[in-house]
Amino acid sequence: MTTTHRRDELIDQLDWHWQHHLCPRLDDLTEDAYLWEPVRGCWSLRRRQDAVTPMAVGAADTVIDYEYPEPVPAPVTTIAWRMGHVSIGVLGSRAANHFGDGGIAVRTTDWPLSASGGVDLLRHHYDAWITGLRSLNDAALERPCGPSEGPYAEHSFGALVLHITREVIHHGAEICLLMDLFRERHRWTGDRA
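Within each chain, residues carry numbers counting from 1 in the order of the written sequence. Local features in this predicted model are restricted to residues of pLDDT 70 or higher, and side-chain atom pairs are both shown and tallied only at a pLDDT of 80 or more, whereas totals for entire chains, interfaces and linings draw on every residue. With hydrogens and water set aside, each side-chain value is computed from the structure's full complement of heavy atoms.

Explain the side chain of His98 here, please?
Only runs of H or I of at least four residues qualify as helices and only runs of E of at least two qualify as strands under DSSP, and these elements are numbered from the N terminus. If you trace the backbone, His98 turns up in helix α3 (residues 79-99). Three exposure classes are used, based on accessible area relative to the maximum for each residue type with a 1.4 Å probe and protein chains only: buried under 20%, partly exposed in between, and exposed over 50%. Accessibility expressed as a relative area gives 16% for His98, which makes it buried. Polar contact criterion, stated in full: a pair of N or O atoms within 3.5 Å, where within protein one must be able to donate a hydrogen and the other to accept it, and residues adjacent in sequence count only if both atoms are side-chain atoms. Among the polar contacts listed, one links the side chain of His98 to the side chain of Glu149, at a separation of 3.0 Å. Throughout, a contact is declared for two residues whenever any of their heavy atoms are within 4.5 Å. Setting aside anything within four residues of it in sequence, one finds His98 in contact with Cys145, Ser148, Glu149, Phe157 and Leu160.

Here you go:
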């Protein structure tokens, strides 16, 4: 009889989605789709002088549009923005805070304006997160997250893993949908309800 470990179940849920849904689709991401703005006022990655938000941040000449608190309703975001959010805000900063030196943040990121750079950034931080998870035992999932998670510091690390998985699946599905819409945009004619 084999024993199923909670850590392995949590990893399998995220990694199955990554390996079978999101990661294969990223191979088809084009330069044009990466920065495509399907509506006016999109948040994206862009040159600092072209930022559309006063709080846009980044380490170099490229920034990610950002505001806090986020406007209601939240703006539509590009594939580049969503990939950047998942890369740094969801995976990279958490992997660095819990398994590394804590040195990853949106303000210190040199944001890529190319699709290949965006895919590389996302894959790098996914690998850091999943490698960190594989280093844990089930008991580690029960410990509190700690101060890097702010008001959620006392929540279990397992709860954080579930949150990260939800974010990757949620935003990954949005990225795939935007890729589909970009691919089919030439078929749009007239007003549609």
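On we go.
It is not clear to me how the packing of α3 against helix α5 (residues 157-184) should be interpreted in this structure. Could you clarify?
The angle between the axes and the distance between the axes are what describe a pair of packed helices. Where α3 meets α5, the axes come as close as 9 Å, and the angle between the chain directions of the two elements is 160 degrees. Considered as vectors, α3 and α5 are oriented roughly antiparallel to each other. For the crossing formed where α3 meets α5, the hand is left-handed. For the pair formed by α3 and α5, the contact residues are Ile79, Arg82, Met83, His85, Val86, Val90, Leu91, Arg94, His98 and Phe99 on the first element and Phe157, Leu160, His163, Ile164, Glu167, Val168, His171, Glu174, Ile175, Leu178 and Met179 on the second. Lines fitted to the C-alpha atoms define the axes, with helices restricted to the stretch that makes contact. Angles between their N-to-C directions range from 0 to 180 degrees. Our angle categories are set so that under 35 degrees counts as roughly parallel, over 145 as roughly antiparallel, 65 to 115 as roughly perpendicular, and the remainder as oblique. Crossing handedness follows the turn of the near helix against the far one: under a right angle anticlockwise gives a left-handed crossing, and clockwise gives a right-handed one.

Looking at this structure, I do not really get the environment of Glu142. What am I missing?
The residue Glu142 is located in the loop between α4 (115-134) and α5 in this model. Counting along the chain gives 74 residues from Glu142 to Tyr68, while the straight-line C-alpha distance between them is 31 Å. Other than its neighbours up to four places away in sequence, Glu142 contacts Arg6 and Ser156. Within the local environment of Glu142, its side chain forms a polar contact with the side chain of Arg6, the two groups lying 2.6 Å apart.

Hey, could you run me through the packing of aromatic side chains in this one?
The relation between two aromatic rings is expressed through the spacing of the ring centres and the mutual angle of the planes. Geometry of aromatic contacts follows a simple scheme: Phe, Tyr and Trp rings, the Trp one being its six-membered ring, pair when their centres are within 6.5 Å, and the pair is stacked under 30 degrees between planes, edge-to-face over 60, tilted otherwise. Tallied over the entire structure, the rule returns 6 aromatic pairs. Note on Trp129 and Phe157: the rings are 6.1 Å apart at their centroids and 35 degrees apart in plane angle, and the pair reads as tilted. Placement of the pair is Trp129 in helix α4 and Phe157 in helix α5, with a sequence separation of 28 residues. On the basis of relative accessibility, which here comes to 0%, the residue Trp129 falls in the buried class. With relative accessibility at 0%, the residue Phe157 sits in the buried group. Here a set of aromatic residues connected by ring pairs shows up, and it is made of Phe99, Trp129 and Phe157.

Distances and angles like these do not, on their own, reveal function.
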